[in-house]
Amino acid sequence: MIVERNTNIIIKVYGVILIIGMLIAFQGSNFPFMKGNDVMTLSGDAFSGDLSRSIMAYNEAPKQTYSVTLLRDALPEIGEDAYNIVIFRLASNGYNVIFNGQYVGGFGDYASGRSNLWNGIYRVIIPRDLIKEVNTLTIENNSLYMTGLTSHPIYITSTEKATRMIMHSNWLNHNMVMISLGVGLLSIVFLFALYGTAIRQHPIYLYLSVAIFFLGVYSIDYSTSEYLMISYVTYKKLIMIAFWAGTFFVSLGLQSMFDRSLPVVVSGIGLAGIIIMAALSPDLIAFKKMYSVWYISQVMTVLSWLVVIIKNIHERIESQVFLSGFGILFIYGIVNMVMDMTGIFFSMNSIVIYLSVFSIMPLLMVYMDFNKNRQELQSEMRLKEAAYEKAIRDALTGAYNKRHLSTVLGERKTNFSIAMFDLDNFKEVNDNYGHQGGDRVLHFIVDMLMNFLRSGDMIFRYGGDEFIVIMECAPEIMRQRMEAFRHFVEHAEINYGMLTIKTTVSVGIYYVDEVMSRQEVLDAVDQALYRAKNNGKNRVCA
């Protein structure tokens, strides 16, 4: 029950994390404050040559020039000495910005295209002394397979709003990716360390660590790189192979957990296919067209995960966490695939979604595994405690047995009171009512005696109808308690079926004020009980 309750809490927390991931993906491309008289927007179709997003044709030159005419009167009212031009998510491998024939800024490697800028945000500043009545804004763009403004127009605005937009974008599109990567790295280190222990060598931890590593490589594509050490074609192919490799290792992890090979087969086909495409594609344009269609294999892989998880939803508690994450990922993947195949840019396309699913999931699994093991350990301890209690208890009365008495007397050396009592007419009870009647009386006596004892006091069945009580108290208190108990028994009527049984007890008490052996203590209290018997029974003697 505790494990189930904790699992529900974990799933809720995981759901909140996924929702936060989707909100970050949405807010990363949402700038509601970029409105007003101090903001001017330039859409892609406003430029000659059309700077709207498009996949380049096979015979199209990578370097293209786009221009737009701007009238002084049409510029926004900013009340400053310079305008800020903000360019967000321009599909480019390097571009220059020219205003009225003057170079005002450049980003990436325009000459050779060894840059990754599509998810970046950049600003150029235009001083007022460059402004004419009629102005020309020119962008020289070098793109190897996709060009144009992918999701937002170009903004001309004040310094304050340009800075706010850049900080907003950098925090949600760059810093959050770095944080997610940090959590992913933490997961890798933690899972490798956990796998390396002799206690918890679960293969799924190892496979998920490798999967997170590949997804971390894939996430590099969502950060900007002003210059790449390798060609952009090689870079992009390695990035996409890493994406498919990540899902393949997730499938291996699921196979190790659920013993189902379907995800490995589906994702293996997907990985083999993307590797073949990367090897055979002569350029990025062909490669882009191929992997846009091949996204279907990723969707089918996630679908195979869901099939396996749903079939095992009641067998392993981890299935519920997997179902939450992969369910979101399946919907997200379908939307992304459809929009990419139709040529529409998915503005919520963010690595934060993937990292939210895969970086947090292993940590939750470890916690669930730890919690499950803790519950099992606690159950085992309770079973051991129950077995120990059974071993030291008398089966009939529930009092401690003679063996445990020996242990307790060995531990308590001095300054305690001990009492020994037995029933005065127990043989007659057995003769008149049978042994079951006698058992009923013994059980009744022990139950009633517990009402006269404190939590730390102990009662032992010494043998037959003889019992011993140990109390850490002065002898006067022991005598008062046992006298009250004797008086209660004398007037008690013990029901046995339709019959009533009456009995009395004789009690001997002794105070141990010096170190004595077990046998010496028992002999001393036995002598006290002997005096109670000889003095007429039904009494307490010291």
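(A) Region of the structure containing the overall build of the protein chain. Counting its secondary structure elements, the protein chain contains twelve helices and 18 strands. Rg of the C-alpha trace for the protein chain: 41 Å, well past the compact-globule value of 24 Å for 542 residues, more than 25% over. By the burial criterion, 51% of the 542 residues in the protein chain qualify as buried. Sequence separation of at least 24 residues holds for 77% of the intrachain contacts in the protein chain that already meet a minimum separation of 6. Summing over all exposed atoms, the protein chain offers an accessible surface of approximately 25,200 Å²; the carbon and sulfur share of this is 59%. Averaged over its 44 positive side-chain charges, the protein chain has a centre that lies 3 Å from the centre of its 47 negative ones.

(B) Structural detail: a negative patch on the surface. Together, Asp-513, Glu-514, Glu-520, Asp-523 and Asp-526 give the surface a local cluster of negative charge. Here Glu-514 falls in the partly exposed class, since its relative accessible area comes to 49%.

(C) Spotlight on helix H6 (residues 284-311). End to end, H6 covers 40 Å across 28 residues, agreeing with the expected 40 Å (1.5 Å per residue, within 8%). The sharpest bend along H6 comes to roughly 35 degrees, located at Ser-292. Its side-chain oxygen 3.2 Å from the backbone nitrogen of Ile-285, Asp-283 forms the N-cap of H6.

(D) Focus on the sheet that holds strand S5 (residues 90-91). Overall, antiparallel pairing links the three strands, which are arranged S2-S10-S5 in an open sheet. Where the open sheet ends on each side, the last strands, each with one partner, are strand S2 (54-55) and S5. Pairing of S5 with strand S10 (residues 146-149), which is carried by two bridges, proceeds in the antiparallel orientation. If you follow Leu-90 over to S10, its bridge partner there is Leu-149.

(E) Structural context of the sheet that holds strand S12 (residues 416-423). Judged by pairing direction, the sheet is mixed, and its five strands sit side by side in the order S13-S14-S12-S17-S18 without closing on themselves. Each of the sheet's edge strands pairs with one partner strand only, and the pair in question is strand S13 (458-463) and strand S18 (540-541). Here S13 runs beside strand S14 (residues 466-471); their pairing, made up of five bridges, is antiparallel. Considered in S14, the bridge of Gly-463 is made with Glu-466. On the sheet, helix H10 (residues 426-450) packs against S12, S13 and S14 and is oriented at approximately 155 degrees with respect to S12. The strands that helix H12 (residues 518-534) touches are S12, S13, S14, strand S17 (505-512) and S18; relative to S17, the one it contacts most, it runs at about 145 degrees.

(F) Layout of helix H11 (residues 475-491). Across its 17 residues, H11 extends 25 Å between first and last C-alpha, which sits within 8% of the 24 Å expected from 1.5 Å per residue. If you check which residues of H11 are buried, you get Met-478, Met-482, Phe-485, Arg-486 and Val-489. Take H11 and look down its axis: the buried residues cluster within an arc of 100 degrees, on one side only. Facing away from the buried side of H11 by more than 90 degrees, the exposed set consists of Glu-476, Gln-480 and His-491. At its buried positions, H11 is contacted by S12, H10, S14, S17 and S18.

(G) Quick look at the pattern of salt bridges. Evaluation of the coordinates by the stated rule reveals 13 salt bridges. For the salt bridge of Arg-393 with Glu-389, the shortest nitrogen-to-oxygen distance reads 3.1 Å. One connected set of salt bridges, linked through shared partners, spans Asp-422, Asp-424 and Lys-533.

(H) Representation of the nonpolar core within the structure. Counting 60 residues, the largest nonpolar core has Met-240, Trp-305, Phe-322, Phe-326 and Phe-358 as the members making the most contacts within it. Of all the secondary structure elements, the ones that give two or more residues to this core are helix H2 (159-195), helix H3 (203-219), helix H4 (232-258), helix H5 (262-280), H6, helix H7 (318-341) and helix H8 (351-392). Not counting residues up to four positions away in its chain, the partners in contact with Phe-326 are Val-250, Leu-254, Val-302, Trp-305, Leu-306, Ile-309, Val-357, Phe-358 and Met-361. Formed by 30 residues, the second largest nonpolar core is a distinct cluster that contains Ala-399, Phe-426, Ile-494 and Ile-509.

(I) Summary view of a nonpolar patch on the surface. A surface patch of nonpolar side chains, amounting to about 360 Å² of accessible area, comprises Leu-262, Ile-296, Met-300, Leu-303 and Val-307. For the nonpolar patch, the element with the most residues is H6, which contributes four residues. With respect to the helices and strands, Met-300 occurs in helix H6. Residue classification places Met-300 among the partly exposed positions, given a relative accessible area of 39%.

(J) Fine view of the environment of Val-265. By the secondary structure assignment, Val-265 is in helix H5. Distance in space between the C-alpha atoms of Val-265 and Leu-191 is 25 Å, their sequence separation being 74 residues.

About the cut-offs
Residues numbered from 1 in each chain as written. Predicted model: local features only at pLDDT ≥ 70, side-chain atom pairs only at ≥ 80, totals over all residues. Heavy atoms only, no water. Helix = DSSP H or I, 4+ residues; strand = E, 2+ residues; numbered from the N terminus. Rg over C-alpha atoms; globule rule 2.2 N^0.38 Å. Buried < 20%, exposed > 50% of the residue type's maximum accessible area, 1.4 Å probe, protein only. Contact = heavy atoms within 4.5 Å. Areas by Shrake-Rupley, 256 points an atom, 1.4 Å probe, with all protein chains shown as cover. Lys, Arg positive; Asp, Glu negative; His and termini not counted. Charge placed at Lys NZ, Arg CZ, Asp CG, Glu CD. Patch = residues over 30% accessible without salt bridge, like charges linked within 9 Å, V, L, I, M, F, W, Y side chains within 5 Å. Salt bridge = Lys/Arg side-chain N within 4 Å of Asp/Glu carboxyl O. Expected span 1.5 Å × (residues − 1). Bend = angle between axes of the 7 residues up to and from the residue. Polar contact = N/O pair within 3.5 Å; in protein donor to acceptor, adjacent residues only side chain to side chain. Pairing = 2+ DSSP bridges. Axes fitted to C-alpha atoms, helices over the stretch in contact; angles between N-to-C directions. Arc of directions from axis to C-beta. Core = buried A, V, L, I, M, F, W, Y, C linked by side-chain atoms within 4.5 Å.

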